[in-house]
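# Observations on the three-dimensional arrangement
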Amino acid sequence: MTSLLIRGGTVVNADHAFVADVLTQDGKIVAVGSQLTAPSGATTIDAGGQYVMPGGIDPHTHMQLPFMGTVTMDDFFSGTAAALAGGTTSIIDFVIPNPQQPLMEAYQTWRGWAEKSASDYGFHVAITWWDESVKRDMGRLVQQEGVNSFKHFMAYKNAIMCDDETLVNSFQRALELGAMPTVHAENGELVYLLQSEVAARGIRGPEGHPLSRPPSVEGEAANRAIAIAEVLNVPIYVVHVSCMEAADAIARARARGQRVYGEVLAGHLVVDDSVYRHPDFATAAAHVMSPPFRAKGHQEALWRGLQAGHLHTTATDHCTFCAAQKAVGKEDFAKIPNGTGGVEERLAVLWDAGVNSGRLTPSEFVAITSANTAKLFNIYPQKGCVAVGADADLVVWDPSGSKTLSAKTQHSKGDFNIFEGRCVTGIPSHTISQGELVYVQGDLRARAGAGRYIKRPAFGANFSAAKRRADALAPSPVQR
Ligand code: URP
Ligand code: ZN
Ligand code: ZN
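What you are looking at is a predicted structure, and each value in this text was computed from that prediction instead of being measured.

Turning to the overall build of the protein chain, a few remarks are in order. The secondary structure content of the protein chain amounts to 15 helices and 19 strands. For 480 residues, the compact-globule estimate of 2.2 N^0.38 gives 23 Å, and the protein chain sits close to it at 22 Å. C-alpha extents for the protein chain along the principal axes are approximately 70 × 60 × 45 Å. Burial statistics for the protein chain: of 480 residues in total, 61% are counted as buried. In the protein chain, the share of contacts with a sequence separation of at least 24, taken over all contacts with a separation of at least 6, comes to 76%. Taken as a whole, the protein chain presents about 17600 Å² of accessible surface, with 52% of it coming from carbon and sulfur. If the 42 positive side-chain charges of the protein chain are averaged to one point and the 48 negative ones to another, these points end up 4 Å apart.

Further remarks concern the coordination of the zinc ion (ligand 3). Summarising the metal site, the zinc ion (ligand 3) is bound by the protein donors His60 (NE2), His62 (NE2) and Asp317 (OD), whose distances to it range over 2.0 to 2.2 Å. Relative to the metal, the four donor atoms surrounding the zinc ion (ligand 3) lie at angles of 86 to 132 degrees, and the coordination shape comes out tetrahedral. Coordination of the zinc ion (ligand 3) draws on donor residues from a single chain, spaced H-x1-H-x254-D in sequence. A separation of 3.7 Å is found between the zinc ion (ligand 3) and the zinc ion (ligand 2).

The local shell around ligand 1 holds 13 residues, among which Tyr156, His184, Ser290, Asp317 and Asn338 are the closest. His60 places a side-chain nitrogen or oxygen 3.5 Å from an oxygen atom of ligand 1. Residue Asp317 places a side-chain N or O atom 2.6 Å away from a nitrogen atom belonging to ligand 1. Across the complex, the protein chains shield 99% of the 260 Å² of accessible surface that ligand 1 would expose by itself.

The rules behind each value
Residues numbered from 1 in each chain as written. Chains lettered and ligands numbered in written order. Predicted model: local features only at pLDDT ≥ 70, side-chain atom pairs only at ≥ 80, totals over all residues. Heavy atoms only, no water. Helix = DSSP H or I, 4+ residues; strand = E, 2+ residues; numbered from the N terminus. Rg over C-alpha atoms; globule rule 2.2 N^0.38 Å. Buried < 20%, exposed > 50% of the residue type's maximum accessible area, 1.4 Å probe, protein only. Contact = heavy atoms within 4.5 Å. Areas by Shrake-Rupley, 256 points an atom, 1.4 Å probe, with all protein chains shown as cover. Lys, Arg positive; Asp, Glu negative; His and termini not counted. Charge placed at Lys NZ, Arg CZ, Asp CG, Glu CD. Donors = N, O, S within 2.8 Å, 3.2 Å for Na, K, Ca; no water. Tetrahedral: all angles 85-135°; square planar, octahedral: opposite > 155°, others 65-115°. Near = heavy atom within 4 Å. Polar contact = N/O pair within 3.5 Å; in protein donor to acceptor, adjacent residues only side chain to side chain.

Right, here's the structure in full:
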């Protein structure tokens, strides 16, 4: 029986913060209160002066992803180990079937790859094509496998891009099943056209990447996906919102009463598009990801969205490629594998840039790094909450500890860090996963295979407001 007593910290949940001890036993939180006594054999942690928060949940990672002709550096062990070192105790990764590949086959493949995970994990499943078998397998995934979200890439033409017909069919099916459709919002046709136009102007380097994916390309796709979801009356979650055009689309829809949710990447909040003009190809290429880093003004829009509650979760899109992999696009920016890291740094970057700056309270930090994801993907309060009965996934947070983020000291296998040189104040002192100490003041004790697959049940009857749709379709008095 493993037992852990975390003494004297300030427990921070999304709704309030209070001084309390936390006792865990066999992977669960069994008591939260004052003056708790440690059972014999329990390990005690002194959390005086520190915060005790639910472990981070990163709703958007790509470990061991085969993409753009190569495979990411981090597999499910190295990636989740890095996550634990940064205080993130769960990830939701993506099963991405090739077009025409049966969904269940791809799902089983990813489940196999993920067996070595050191932290708990789940999967969104991408819909990259459509036929009756896809429709049927979406049902199996929801009803038997605990998948309650499906991803749609509106970009990456001639690869995994989803056209409007597939979007509509899949959104409709997700609604029937009580599953959340999610979108990568970029108009893939426009990206394809702009890539060739930029190349025709003689721009072949990484500076061409943001030119081929301007904010309006993201704004168009976000508005389109939101409009489709509105007609079908299904909620929608927009991943990696990077610009004010997409953030505004979400805010407008929410103001109309539509259930639309937005995710922001730590990188998009603090890194700007000047990185693509770096004279060194490797440095500029290392930042190539989609949607690209944006001009600084967009960062302010994203922060405001998080503060106002129009944007809900933070993620990393952790998808690491090394310099040799990025070099494939030396003569053509469109061939540079898209992706950057950050799963280890997300919490520290958000605390430093969000809480220390006064933009976020510690409770708001917990909301956007853990609780909101748990709620939106239906694993709350098992995850995302420090409360009796919840999983003992915790981070003890030292608000005065500091470190300089660097590829030299990161645990990810990637050879680059998009936050390189950033000095952050507020870092994890301890990470606890399933009641086990997996990170203790610099000592990472991640164990391959310790992570569990977490089933996420379908949403219930109130998932969509079907009545409103019926009302909307009824003829107006003037037409009658
Ligand atoms: O550039 C990115 N984001 N790579 C990973 C795939 C995706 O679009 O999420
Ligand atoms: Zn994406
Ligand atoms: Zn992604």
